[in-house]
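# Descriptive structure summary
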Amino acid sequence: MITEDARQILKRVTKNSNQINIGSRKKATIGIFGKSGEGKSSLLSAILGKKDLLPSGCFGACTAVVTQVEANLNDSNYKAEIELFSQEEWENELKDLFRNIKDESEDRNDDLFEIAVEKITALYGVDADQKTLEELKNDERFAEIKTYLSVSKKIISSSNLSEFTNDVASYIQHSESSSGGWYWPLVKSVTIMIPDCRELLEHIVLLDLPGTGDCNKIRDDLWKSKLRECSSVWIVSAINRAITDRDPWGILKHCIEELGPGGKCKRINFICTKTDEINTAAYIRSARLPRDQISEDKDQKKACILHRNDHAKTRVKEKFENSEIKKIFITDNQFQVFTVSSDAFFDHNLNLESSETEIPKLQDDLRNLNKSINRELTKDYVNKVKGTLLLIQSGQLDPDKKMNKDGRGFHKILGALCKNYGCYWSKNWDVVLDLNKTLAKYLHKYIDEDFLKIFPVTGKTGKSVQEQIDKFSIIQSDSAYPSCDILHYIQNFIEIEETKLKEALNRDIVDMKKDIYSSIKITILNQMASCYQQAAAVTGTGSMKIKQDLLISTVDNIKQDMFNKAKVEVLKMFNNLKLDVKNALESGLQEAIECSQSQTSKKKRMDVSREIEQLERLLDQLSD
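Residues numbered from 1 in each chain as written. Predicted model: local features only at pLDDT ≥ 70, side-chain atom pairs only at ≥ 80, totals over all residues. Heavy atoms only, no water.

### Topic: the overall build of the protein chain
When its secondary structure is counted, the protein chain shows 21 helices and 11 strands. The buried share among the 624 residues of the protein chain stands at 50%. Element-wise, carbon and sulfur atoms account for 46% of the exposed surface of the protein chain, whose accessible area totals about 30,600 Å². (Helix = DSSP H or I, 4+ residues; strand = E, 2+ residues; numbered from the N terminus. Buried < 20%, exposed > 50% of the residue type's maximum accessible area, 1.4 Å probe, protein only. Areas by Shrake-Rupley, 256 points an atom, 1.4 Å probe, with all protein chains shown as cover.)

So this is what it looks like as structure tokens:
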């Protein structure tokens, strides 16, 4: 409504009210962690208000496929965009898979072997892993898949939810009971677009972040880049394992670099699922609940559910308080715990009121985030319109009145680890190794404290880049020069342009920050790359010792030069950030000044002061 009001105000003044676009902004990404079977699919179906919207097991069923859900804003169809490997990428992948399958050496990695068998049989059918690569190439399915990969993206669209789910299933699910015809091994990422959820997901993407257990570098790089985009993270774990299961906490601990200093995550939600699944009698005994407080069976179950929910929230929060993650996410509202039941949200016979399932709380969480982004975009649009009118208003005043000018300058694992260039994640997340990250810690530990002051996750430190940019202005104080109407309007216009520039810069700085922090690890990887390749090529008896010696000796020999190069690269990127900020402010404000000067020289006169006041009232509504 406010956007339309602003457009109508602009239309009264100018012939073309469409000359100013509402604009767009990169969507907020919520990363979702959790193993298959933890209830992620049911959780998202409940949040979006459509039972069985996503097939059970589609999230996390395949260790490598990145899956995201967003709103379909164009039509009423369910739609999936499936990004596939190229033929060349798949052929390289296939060679690696067969190398792992045929590896009979003593240092064969069982995880890589199992993943390779899983992929080959999923695509080509049972016993396909028993064939040689040459034999497989003669299989009719091989030619079919080669043709299939001639396009980089496959689109599935249907107005019927059941048909859509069936069509998408083979790209995001895996069946151990039925081999062949499952295409997920060919998939890099899947984007699922859902109609009728603008209120929740217009500006938000829900991103499933599974493990990278297959050591494919293309997927691994994609996974890390997606993780660094997350502005919020949901950790999903069944309530009966939320405290004791190491996986969600281990994943979070390992990803702390990408989420904190190397990313832009500002909030973590820990979501305990399946709260309605409880053995009432067993829980009463273990929790020592007095039976005389409740009489009916239904009340007993509900009391047990709510008691366990409260207990789980307390324990999870305690665990977070004692974790390394707390050092980065320091305020209370940055870590929230939810206890949810997706089944009870749809089935009111399962003892819980809708509010007690806490699905509405998560819906409100999404709704409020979506609204805040909408509000920011609307505010940007109204300010653009106001800026245009300020220039028009300055043009109707006497341009010969004194204007002050001021110019100033703008200032078994080891082999897999080697094959994947220093990084290895086991299929079940129980082993996570990253040699490059370990080496990078020797530099990170010296810069982390200052880095978090320069790029805080939230709040002010007095040293942050954002605070320095916010302080900057080319507008002098009110008392610096005599008052002048035309100068007043031009200054207001430039202040609006400054604000827009600063907001855009602060968003860009988050990306620059991620690149700076990760550059240490990237420099180390590049310096160690030839060593990893040499070590990966070593096979046979005693190969493990040879690989270890090669890695150790290489680090000892190059560490001085390697760390120095990493340091120089960080300093270079900091300097580039400074220059980028300077150039962005200089060029943007120069353009604003030239625009204001050209407007004051125009002969046409028009009083739009009333319209400017109306726009200011609209801005007040947005700030309320």
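Past the structure itself, the notes keep going.
### Notes on the packing of aromatic side chains
In the structure shown here, the tally under the stated rule is 11 aromatic pairs. The rings of Phe451, Phe455, Tyr517 and Phe574 are connected pair by pair, giving a single aromatic cluster. (Phe/Tyr/Trp six-rings, centres within 6.5 Å; stacked < 30°, edge-to-face > 60°.)

### Considerations on the packing of helix H3 (residues 87-101) against helix H4 (residues 110-124)
Between H3 and H4, the least distance of the axes is 8 Å, while the angle of their chain directions is 125°. The angle between H3 and H4 places the two elements in the oblique class. Helix-helix and strand crossings are classified by hand; for H3 and H4 the assignment is left-handed. Residues Trp90, Glu93, Leu94, Leu97, Phe98, Asn100 and Ile101 of H3 form the contact with H4, whose own contacting residues are Leu112, Phe113, Ala116, Val117, Lys119, Ile120, Leu123 and Tyr124. A breakdown of the residues in the contact of H3 with H4 according to their chemical character gives 12 nonpolar, 1 polar and 2 charged. (Axes fitted to C-alpha atoms, helices over the stretch in contact; angles between N-to-C directions. Parallel < 35°, antiparallel > 145°, perpendicular 65-115°, else oblique. Left-handed = near helix turned anticlockwise from the far one by under 90°. Contact = heavy atoms within 4.5 Å. Nonpolar A, V, L, I, M, F, W, Y, C, P; charged D, E, K, R; others polar.)

### Observations concerning the nonpolar core
The biggest cluster of nonpolar side chains holds 63 residues, and the ones touching the most others in it are Trp90, Tyr124, Leu201 and Trp234. With 6 residues, H4 is the largest single contributor of residues to this core. With residues near it in sequence (within four places) discarded, Tyr124 still touches Trp90, Leu94, Leu136, Arg141, Phe142, Ile145 and Gly180. (Core = buried A, V, L, I, M, F, W, Y, C linked by side-chain atoms within 4.5 Å.)

### A closer look at unusual backbone geometry
The backbone of Asp127 shows a phi angle near 70°, a positive value even though the residue is not glycine. Considering the arrangement of structural elements, one finds Asp127 in the loop between H4 and helix H5 (133-137). Even without glycine at this site, Tyr421 takes up a positive phi of about 55°.

### Overview of helix H21 (residues 609-623)
Taking 1.5 Å of rise per residue, 15 residues should cover 21 Å, and H21 covers 21 Å from first to last C-alpha, within 8% of that figure. For H21, the full list of buried residues reads Glu611, Ile612, Gln614, Leu615, Leu618, Leu619 and Leu622. Burial along H21 is one-sided: seen end-on, the buried residues are contained in an arc of 160°. For H21, the exposed residues lying more than 90 degrees away from the buried face are Asp620 and Ser623. (Expected span 1.5 Å × (residues − 1). Arc of directions from axis to C-beta.)

### Overview of the environment of Arg12
One can find Arg12 in helix H1 (residues 2-13). Residues in contact with Arg12, not counting those within four places in the same chain, are Arg610, Glu611 and Gln614.

### Considerations on the confidence of the model for the protein chain
Mean pLDDT over the protein chain stands at 81; residues scoring 70 or higher make up 83%. Considering only residues more than four positions removed or in separate chains, one finds that residues 58-63, a stretch of pLDDT under 50, has 29 contacts. Per-residue pLDDT stays below 50 along residues 211-215; that stretch engages in 25 contacts with residues further than four places along the chain or on separate chains. (pLDDT = per-residue confidence, 0-100.)

### Considering the pattern of salt bridges
A side chain with one charge may pair with a side chain of the opposite charge, provided their charged atoms come close. This structure, assessed with the given rule, holds 28 salt bridges. Where Glu611 meets Arg610, a salt bridge forms, and the shortest distance between an N and an O atom there is 3.7 Å. A cluster of three or more residues bridged by salt bridges with shared partners is formed by Glu199, Asp364 and Arg367. (Salt bridge = Lys/Arg side-chain N within 4 Å of Asp/Glu carboxyl O.)

### Re empty space enclosed by the protein
In this structure, the largest cavity occupies an estimated 70 Å³ of space. Around the largest cavity, the lining residues are Gln87, Trp90, Glu91, Leu94, Tyr124, Phe142, Ile145, Lys146 and Leu149. Elements supplying a minimum of two residues to the lining of the largest cavity: H3 and helix H6 (140-148). Here the lining of the largest cavity gets 4 residues from one element, more than from any other, and that element is H3. When the residues that make up the lining of the largest cavity are grouped by side-chain class, the tally is 6 nonpolar, 1 polar and 2 charged. (1 Å grid on protein atoms, 1.4 Å probe; cavity = no way out; pocket = protein on both sides within 12 Å on 5 of 7 lines; lining within 4 Å. Points joined across faces, edges and corners; volume = space filled by probe spheres on them.)

### Regarding the sheet that holds strand S7 (residues 230-238)
Within a sheet, neighbouring strands are paired by backbone hydrogen bonds and run either parallel or antiparallel to one another. An order of S4-S3-S5-S2-S6-S1-S7-S8-S9 is seen for the 9 strands of this open sheet, with the pairing classed as mixed. With one partner strand each, in any of the chains shown, strand S4 (153-158) and strand S9 (335-339) form the two edges of the open sheet. When strand polarity is set aside, the average angle formed by the axes of neighbouring strands in this sheet is 20°. Seen against the sheet, helix H2 (residues 40-47) touches strand S1 (28-33), strand S6 (204-208), S7 and strand S8 (267-273) and runs at an angle of roughly 120° to S7. (Pairing = 2+ DSSP bridges.)

### Notes on H3
With 15 residues, H3 should cover 21 Å at 1.5 Å per step; its first-to-last C-alpha distance of 21 Å lies within 8% of that length. Among the residues of H3, those classed as buried are Trp90, Glu93, Leu94, Leu97, Phe98, Asn100 and Ile101. Projected down its long axis, H3 carries its buried residues within an arc of 155°, all on one side.

### Concerning the layout of surface pockets
A volume near 1,500 Å³ is recorded for the largest pocket. Lining the largest pocket are 50 residues, with Ser231, Lys264, Lys266, Glu376 and Arg507 sitting closest to its centre. Listing elements by their share of the lining of the largest pocket, those giving two or more residues are S1, S7, S8, helix H15 (359-395), helix H18 (465-471), helix H19 (485-537) and H21. Ranked by residue count, the leading element in the lining of the largest pocket is H15, at 9 residues.

### Some points on the pairing of S7
The buried fraction of S7 is high, at 8 of 9 residues. Inspection of the sheet shows S1 paired to S7 by 5 bridges, in the parallel sense. The residue bridging Ile30 from the neighbouring strand is Ser232, located in S7. Relative to S8, S7 runs parallel, the two being bridged by 7 bridges. Paired with Ser237 across the bridge in S8 is Cys272.

### A word on the pairing of S8
The element S8 is largely enclosed, with a buried count of 6 among its 7 residues. Summarising the sheet, S8 and S9 pair through 5 bridges and their orientation is parallel. When the sheet's bridge partners are listed, Cys272 is paired in S9 with Thr339.

### Describing the side chain of Lys119
Looking at the element boundaries, Lys119 is found in helix H4. A polar contact is formed between the side chain of Lys119 and the side chain of Glu93, at a distance of 2.8 Å. (Polar contact = N/O pair within 3.5 Å; in protein donor to acceptor, adjacent residues only side chain to side chain.)

### What about the environment of Phe85?
With respect to the helices, strands and loops of the structure, Phe85 is situated in the loop between strand S3 (78-84) and H3. Under the relative-accessibility criterion, Phe85 is labelled buried at 1%. Separated by 103 residues in the primary sequence, Phe85 and Lys188 place their C-alpha atoms 6.3 Å from one another.

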